Amino acid sequence: MAILIDENTNVLVQGLTGKQGLFHTQQMLAYGSKIVAGTSPGKGGAVVEGIPVYDSVRAACENHQIHASVIFIPAAFVKDAALEALEAGIKVVVVVTEHIPVHDEMAIVAYARRVNATVIGPNTFGIVSSGKCKMGIPPNQFFIPGSVGVVARSGTLTYEIVGNLTAQGIGQTTVVGIGGDRVVGLSFVDVLKMFEQDPETKAVVLIGEIGGKSEEEASLYIKEMTKPVIAYIAGKSAPPGKRMGHAGAIIERGMGTYEGKVKALTEAGARVVELPFEVPEVIKEICR
Amino acid sequence: MKMFEYMGKEVFAKFGLPVPKGRMVANSDEAFQIATEIGGPVVIKSQVLSGKRGKAGGIKFADHPEEARVAAQELFGMTIQGLAVDILLVEEKLHIDQELYLSITIDSASKMPVLIASAHGGMDIEEVADEYIVKKQIDVELGMHGFIACDVVRRMGIPLNTPQGKELVKIIKTLYKIFTQKDVDLVEINPLVISGDKVIAADAKVTIDDEALYRQVDLPRVEERTASEKAAHDLGLSFVELDGDIGVMANGAGITMGTLDTLAYYGGKPANFLDAGGGTGEEGTAKALELILSRNPKSIIINIFGGITRCDDVARAFVSVKKNKGIPVPVVIRLVGTNQEAGRAILKEAGIEAYDGMQDAAKKAVELAQK
């Protein structure tokens, strides 16, 4: 079992013929993802890496059963592409692209809510159900099957922590990047609920960072969870008022501080580690 | 992008939202001239991108033009929270019957715009008791409508059958129009002043979404970053100056923060945050190192976990920069991920040993900085 995507997920790649789209399509295929079609307006009829390319998502859906779409399209055109996938009835849409205007993000998320679909991202590394399906950009070799669920805001920090887990032989059910922007489709709570219900997931790693309130909101749900949660929050040493790369990673008006998040998570029963490389040890200790 | 008050008011005026009579000035003679044109008591306001400017003495009043000139001269010599006062806004002084608060911003939790209003404006909104604050999330698919604005005004406790109540409904609708059409991140009016029958925006705090600036071509540009921070941004690097002595370069916002935290854990003090992002070639790496060196660090840590970034590219770029420009301080490199073997081989040839783990590399960088 895994959450959201697995070995039976038929994947569409929007923007398959672009530089990033093509490179990551090859990588995703190498990981074993079942990519059944791609889109690229004006290039319908082409076949790339053995994958048929269509002019529109509707055209792809007329010829294939598609469960999920991953978008590799420049920021200015993502709103159109995401709405296109959602309107065609695709229920899981992964938006890797960063630097998308926040008003576009609100429009995408609002429409997804209306059609009861899941948007992962924007500004995410994507999602990996280890050993089954990868949608997004993480390096393949660090994701091995196992029983730990991972949910994160940040990409390379996730590779760091999942890389450490894998090096210690600790595999993952699913690794989900919710995205680094202020408005994203999935919250920590949404993903924690899925892991709580997934019989194969035995423990959950939450990788958060300063800024916003999502770790505090997650704490309210962690209180009710039966599975152990290990959390790392990046940005302990970040000064207030300085934006640390991600749109959300900024301490403003005393909100979103490291201390506040650690307190909320600890009180909810999560185990908070101080440094990224402490995660595997704590998992071994808890799951012994 | 934060806008100066006078710029925000120019946007308001274009959309028909009432603002006081006035203009921005760059010297005290202009202040005299505008005060003369207004022909009554004026207020002279420092234009800096910082709150609390009233408490810092950045706002002055004048009853006649000569007084306005003197006040302007005083303000131009000031700095407010480290920011020099280069521009002033000279405006008519409003008769104030009541101060209101009105803002629209983005609520990450609900993923919707949220309108916040209060009949108790003028002070820090966080100090106003909850029962006097109206919050209304706006469904972006539904949009703003008369009934929503009317209900907000009712909940503020302002009678809808008064000229002020009717005016306020109009202002709320206009503000939402500005919010959506200008890709606004935050628009805040505090205070929004009731002056007789009129309702006037006495202040304007407007922040535009940086990611949408490309399509807001008619808005003026304001540069808040330092020169180095801007140079980094133009190269796709995210750079923030800090006040320690260890230079930091990593790829990805999260891992860069993680690197800072690990350095701090071992007693080190980072000199900067530098997220080199996905693919940084030779030019980017050279620029990144140049920026780091501008902070005069005692040691440097490069922490790369290659996903999109390829380790051999980073190694090649680093070796070339070291050879061509020289790096006068010790550098610790941690290099894992895509093409790591090739990357390490390149470094080894140049006599540099790469680290496997972030913690060992961080420990070493701290040690070198403390020598």
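Residues numbered from 1 in each chain as written. Chains lettered and ligands numbered in written order. Predicted model: local features only at pLDDT ≥ 70, side-chain atom pairs only at ≥ 80, totals over all residues. Heavy atoms only, no water.

This next bit is on the interface of chain A and chain B. How big an interface is tends to be stated in terms of the accessible area lost upon association of its parts. If you look at the interface, chain A gives 56 residues, while chain B gives 52 residues. For the pair chain A and chain B, the summed buried surface comes to about 4,100 Å²; carbon and sulfur atoms form 58% of the total. Counting across the interface, chain A meets chain B through 4 salt bridges. Taking the shortest distance from any N to any O, the salt bridge between Arg114 of chain A and Glu141 of chain B comes out at 2.6 Å. (Contact = heavy atoms within 4.5 Å. Buried area = accessible area lost by both parts, 1.4 Å probe. Salt bridge = Lys/Arg side-chain N within 4 Å of Asp/Glu carboxyl O.)

With that settled, the discussion passes to the side chain of Ser187 of chain A. Structurally, Ser187 of chain A is set in the loop between strand E11 (172–177) and helix H6 (188–197). Once you skip the residues sitting within four places of it in the chain, Ser187 of chain A turns out to touch Ile178 of chain A together with Lys111 of chain B. (Helix = DSSP H or I, 4+ residues; strand = E, 2+ residues; numbered from the N terminus.)

All names here are of chain B. Contact geometry for helix H7 (residues 253–265) and helix H11 (residues 358–370): axes closest at 9 Å, N-to-C directions at 55°. The angle between H7 and H11 falls in the class oblique. For the element pair H7 and H11, the recorded crossing hand is right-handed. Of the residues in H11, those touching H7 at Ile255, Gly258, Thr259, Thr262 and Leu263 are Met358, Gln359, Ala362, Ala365 and Val366. Residue composition of the contact of H7 with H11, grouped by class: 6 nonpolar, 4 polar and no charged. (Axes fitted to C-alpha atoms, helices over the stretch in contact; angles between N-to-C directions. Parallel < 35°, antiparallel > 145°, perpendicular 65-115°, else oblique. Left-handed = near helix turned anticlockwise from the far one by under 90°. Nonpolar A, V, L, I, M, F, W, Y, C, P; charged D, E, K, R; others polar.)

Below, the discussion takes up the packing of aromatic side chains. What the rule picks out here adds up to 6 aromatic pairs over all chains. Seen from their ring centres, Tyr265 of chain B and Tyr266 of chain B are 5.1 Å apart, and the 85° between their planes marks the pair as edge-to-face. Here Tyr265 of chain B falls in the partly exposed class, since its relative accessible area comes to 41%. One aromatic cluster in this structure is built from Phe125, Phe142 and Tyr159 of chain A together with Phe305 of chain B. Seen from the ring of Tyr221 of chain A, Lys193 of chain A lies directly overhead, with NZ or CZ sitting 5.7 Å from the centre. (Phe/Tyr/Trp six-rings, centres within 6.5 Å; stacked < 30°, edge-to-face > 60°. Buried < 20%, exposed > 50% of the residue type's maximum accessible area, 1.4 Å probe, protein only. Lys NZ or Arg CZ within 6 Å of the ring centre and 35° of its normal.)

For the rest of this paragraph, the subject is the environment of Ala110 of chain A. Residues and elements named next belong to chain A. Within the secondary structure layout, Ala110 lies in helix H4 (residues 102–114). On the basis of relative accessible area, Ala110 is assigned to the buried category, the value being 16%. Considered as a pair, Ala110 and Gly185 are 75 residues apart in the sequence and their alpha carbons are 9.0 Å apart.

Our focus in this paragraph is the pairing of strand E10 (residues 145–152) of chain A. Residue and element names in this part refer to chain A. Strand direction decides the pairing type here: E10 and E11, joined by 5 bridges, are parallel. Bridge pairing in E11 links Pro145 to Gln172. Assessed by its sense of winding, the connection that carries the chain from E10 through helix H5 (residues 155–167) to E11 is right-handed. Bridge analysis of E10 against strand E12 (residues 203–209) gives 5 bridges, and the strand direction is parallel. Pairing of Ala152 across the sheet is with Ile207, part of E12. (Pairing = 2+ DSSP bridges. Right-handed = clockwise from strand over helix to strand, strands pointing away.)

Moving on, we come to the sheet that holds strand E3 (residues 47–48) of chain A. Residues and elements named next belong to chain A. What the 7 strands build is an open sheet, ordered E3-E4-E2-E1-E5-E6-E7; its pairing is mixed. Each end of this open sheet is capped by a strand with a single partner; those strands are E3 and strand E7 (118–120). Taken together, the 4 bridges between strand E5 (residues 68–71) and strand E6 (residues 92–95) define a ladder with parallel strand orientation. Bridge assignment links Ser69 to a residue of E6, and that residue is Val93. On the sheet, helix H1 (residues 19–31) packs against strand E1 (10–14), strand E2 (34–39), E3, strand E4 (51–54) and E5 and is oriented at approximately 165° with respect to E2.

For the rest of this paragraph, the subject is the domain arrangement of chain A. Residue and element names in this part refer to chain A. Per the domain assignment, the segments of chain A are domain 1 (10–120) and domain 2 (138–286). Computed from C-alpha atoms alone, the centre-to-centre distance between domain 1 and domain 2 is 26 Å. Taken residue by residue, the interface counts 10 residues in domain 1 and 10 residues in domain 2. Here domain 1 packs against domain 2, burying approximately 910 Å² in sum over the two surfaces, 56% of which is carbon and sulfur. In this assembly, domain 1 and domain 2 are joined by 0 salt bridges. Run the count over domain 1 and domain 2 and you get 3 residue pairs in polar contact (both at pLDDT 80 or more). Those elements that provide at least two residues to the side of domain 1 that touches domain 2 are H1, H4 and E7. Ranked by the residues each element gives to the side of domain 1 that touches domain 2, the list is headed by H4, at 4 residues. (Domains from an automatic or database assignment. Polar contact = N/O pair within 3.5 Å; in protein donor to acceptor, adjacent residues only side chain to side chain.)

We now examine the layout of surface pockets. Of the volumes computed, that of the second largest pocket is approximately 320 Å³. If you go around the second largest pocket, you meet 18 residues; those closest to its centre are Asn164 and Ala167 of chain A together with Arg334, Asp356 and Gly357 of chain B. Those elements that place two or more of their residues in the lining of the second largest pocket are H5 of chain A together with strand E18 (331–337) and H11 of chain B. Of the residues forming the lining of the second largest pocket, the biggest block, 5 residues, is contributed by H5 of chain A. For the lining of the second largest pocket, the class distribution of residues is 7 nonpolar, 7 polar and 4 charged. (1 Å grid on protein atoms, 1.4 Å probe; cavity = no way out; pocket = protein on both sides within 12 Å on 5 of 7 lines; lining within 4 Å. Points joined across faces, edges and corners; volume = space filled by probe spheres on them.)

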